[in-house]
Amino acid sequence: MNTVSASIALFIKDVRSELRTRYALNALLMFVVTSVSTILFALRSEQPGAQTFAGMFWVVVFFTAMSGLSRSFVAEAERGTTLVLQLVADSSVVLAGKLLANCALTLLLTTAVTILYLIVFPNFAIISVDIFVLTLVLGSLGFASAGTLLAAIIAKANVRGTLYPVLAFPVLIPLLMTVMNATTLALDGAPLIDAVTDLQVMAGYILVMTGGSFLLFEYVWND
Amino acid sequence: MLEAPSSIAVTGRNGSGKSTFVKILAGVLGASSGSIHFLFDGVSLPNEQRRNYLGFVSPYLVLYDELSPVENLQTLSKIRSGIEAPMDEVNRVLQHVGLEDRKDDFLRTFSSGMLQRVKYALAILHRPALLILDEPTANLDDRGIAVVRQIVEEQKENGILIIATNDADEANWCEAKIELGQG
């Protein structure tokens, strides 16, 4: 229980810091708005199909997540606060707290992208709401579970900016393919049973990535 | 082997490894050879519990400047142990380091000396059995140095104190000295 409350305390610290500094949030939301606007201008009056919409949706989410997820550890390294966390926190507390923060961030991002798509694209109609919501939640958790450990790895590197998407993309390919497929089903109005396999893959991905992160994080975090 | 109460100063030339040594003691760096064992009441302490018995101050330790001293102490104490330090304890240590009037101001408005005092407040909040000070009076004025002297004397009475320093006066605060870089 102490580990849980300590992890939540770290999560709350990150949220409070972000609300006070707006360091990442404004930039990420602006990225989302810019990306969606660019797609809107490129499409003009064209109305793409479900599969294309699904791909465009998760492209925006992917690149926004690449900008935002790494901040969880890179910001600590750039500010020099890694040492105080190493002194006071157990490695599992650090990982759990940062994972919670990244889960919240990706859920916020995917929700923002969804709202924008619904507003600007009349043909972006979510017919199977149950599939879409489950895909959104599991996809967001999948991004966070894979991205958090990678963020801790690149925070120790000298060239952080370009390294994160390079490391993350191969790891995220299975998740990306699955969430795009499930989103297509949601936009096409498929029944929930048709998406069960995809949802199971996402849940399995989250379990594997989260479990692997907890096993490996100590070796990444401690010098 | 160090047993409470005791104090030792780690001295040596620039680059001799004083800061590296105390970081290894604090558990933030791994040793390439050798091992460190902590015993509490004769029972070996697992590494993951070491942080509950250890306080650390150094000029290169950075706290969260978008938070106030109270927020830093309460948040970091809860991250350390899962339990938030009581407000009266937080007020006690902030009063001890002379920052009770600035306890709710953001750290980004503090001078380097005031930041150093907040680090001392954090280090002694949980009454650590082992207190490690790397360059203990860096950035401090005479009043700050007096505060540090008081903390040092209190730690020497009940716990273990390790100071890493080039300053002869600071080294003389301790009963024993080791010099790194000697054969």
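Rules used in this analysis
Residues numbered from 1 in each chain as written. Chains lettered and ligands numbered in written order. Predicted model: local features only at pLDDT ≥ 70, side-chain atom pairs only at ≥ 80, totals over all residues. Helix = DSSP H or I, 4+ residues; strand = E, 2+ residues; numbered from the N terminus. Rg over C-alpha atoms; globule rule 2.2 N^0.38 Å. Buried ≥ 20, exposed ≤ 12 C-beta atoms within 10 Å, placed from the backbone. Contact = placed C-beta atoms within 7 Å. Expected span 1.5 Å × (residues − 1). Bend = angle between axes of the 7 residues up to and from the residue. Nonpolar A, V, L, I, M, F, W, Y, C, P; charged D, E, K, R; others polar. pLDDT = per-residue confidence, 0-100. Core = buried A, V, L, I, M, F, W, Y, C linked by C-beta atoms within 7 Å. Axes fitted to C-alpha atoms, helices over the stretch in contact; angles between N-to-C directions. Parallel < 35°, antiparallel > 145°, perpendicular 65-115°, else oblique. Left-handed = near helix turned anticlockwise from the far one by under 90°.

Trainee: Help me out: how do you make sense of the overall build of chain B in this one?
Mentor: Summing up its helical and strand segments, chain B has 6 helices and 7 strands in all. The secondary structure elements of chain B, listed N-terminal to C-terminal, are β-α-β-β-β-α-α-α-β-α-β-α-β. On C-alpha atoms alone, chain B measures out to a radius of gyration of 16 Å, which is about the 16 Å that the 2.2 N^0.38 rule sets for 183 residues. Dimensions of chain B, computed from the C-alpha atoms along their principal axes, are close to 50 × 35 × 30 Å. Per-residue burial for chain B yields a buried fraction of 37% across its 183 residues. Taking the contacts inside chain B whose residues are at least 6 apart along the sequence as the reference set, 73% of them involve residues at least 24 apart.

Trainee: How should I be thinking about helix 9 (residues 196-221) of chain A in this particular structure?
Mentor: At 3.6 residues per turn, the α-helix brings residues three or four places apart onto the same side. All names here are of chain A. Helix length check: helix 9 (26 residues) gives 36 Å between terminal C-alpha atoms against 38 Å at 1.5 Å per residue, within 8%. Of all the bends found along helix 9, the most pronounced is centred on L215 and spans about 40°. When helix 9 is considered as a whole, its buried residues turn out to be D198, M202, Y205, I206, M209, T210, S213, F217 and W221.

Trainee: Can you help me understand the interface of chain B and chain A in this one?
Mentor: Often the size quoted for an interface is simply the accessible area lost on bringing the parts together. Counting residues at the interface gives 19 residues for chain B and 24 residues for chain A. Per-element tally for the side of chain B that touches chain A: the top contributor is helix 2 (residues 69-81) of chain B, with 6 residues. For the side of chain B that touches chain A, the class distribution of residues is 10 nonpolar, 4 polar and 5 charged.

Trainee: Got a minute to help me understand the confidence of the model for chain B in this structure?
Mentor: For any part of a model where pLDDT is low, the fine detail of the predicted coordinates should not be relied upon. Residue and element names in this part refer to chain B. Considering every residue of chain B, the mean pLDDT works out to 91; 99% of them sit at 70 or more. For chain B, the element scoring lowest by mean pLDDT is strand 2 (residues 39-40), at 78; helix 2 scores highest, at 97. Predicted as a complex, the structure gets a pTM of 0.92 and an ipTM equal to 0.92.

Trainee: How should the environment of A:V113 be read in this particular structure?
Mentor: All names here are of chain A. Residue position: V113 is located in helix 6 (residues 91-120). V113 gets classed as buried once you count the C-beta atoms within 10 Å, which come to 21. Excluding residues within four positions of it along the chain, V113 makes contact with V32, V36, F57, V60 and V61.

Trainee: Looking at this structure, how should I read helix 1 (residues 2-21) of chain A?
Mentor: Between its terminal C-alpha atoms helix 1 of chain A stretches 28 Å, which fits the 28 Å expected from 20 residues at 1.5 Å a residue. Residues A:A6, A:S7, A:A9, A:L10, A:F11, A:K13, A:D14 and A:S17 constitute the buried set of helix 1 of chain A. Buried residues belonging to helix 1 of chain A abut helix 6 of chain A together with helix 2 of chain B. One or two residues past the end of helix 1 of chain A sits A:R22, with phi positive at roughly 55°.

Trainee: Honestly, the nonpolar core in this entry has me stumped. Any pointers?
Mentor: A general tendency of soluble globular proteins is for nonpolar side chains to be buried together. Residues B:A121 and B:I132 are the most contacted members of the largest nonpolar core, which totals 107 residues. Setting aside residues up to four positions removed in sequence, B:A121 forms contacts with B:P69, B:L73, B:V93, B:L94, B:V97 and B:L99.

Trainee: Quick question: what am I supposed to make of unusual backbone geometry here?
Mentor: Of all residues except glycine, most have a negative phi; of all peptide bonds, most are trans. All names here are of chain B. Within the chain, R127 stands out as a residue other than glycine whose phi angle is a positive 50°. With respect to the element layout, R127 can be found in the loop between helix 4 (112-124) and strand 5 (130-134). R127 gets classed as partly exposed once you count the C-beta atoms within 10 Å, which come to 14.

Trainee: It is not clear to me how the packing of helix 4 of chain B against helix 5 (residues 142-158) of chain B should be interpreted in this structure. Could you clarify?
Mentor: Helix packing for two helices is described by the angle between their axes and how far apart those axes are. Residue and element names in this part refer to chain B. At their nearest, the axes of helix 4 and helix 5 sit 11 Å apart, and the two run at 15° to each other. One way to sum up the angle between helix 4 and helix 5 is to call them roughly parallel. Helix 4 and helix 5 meet at a crossing whose hand is left-handed. Residues G113, Q116, R117, Y120 and I124 of helix 4 form the contact with helix 5, whose own contacting residues are G144, V147, V148 and I151. Counted by class, the contact of helix 4 with helix 5 contains 5 nonpolar, 3 polar and 1 charged residues.

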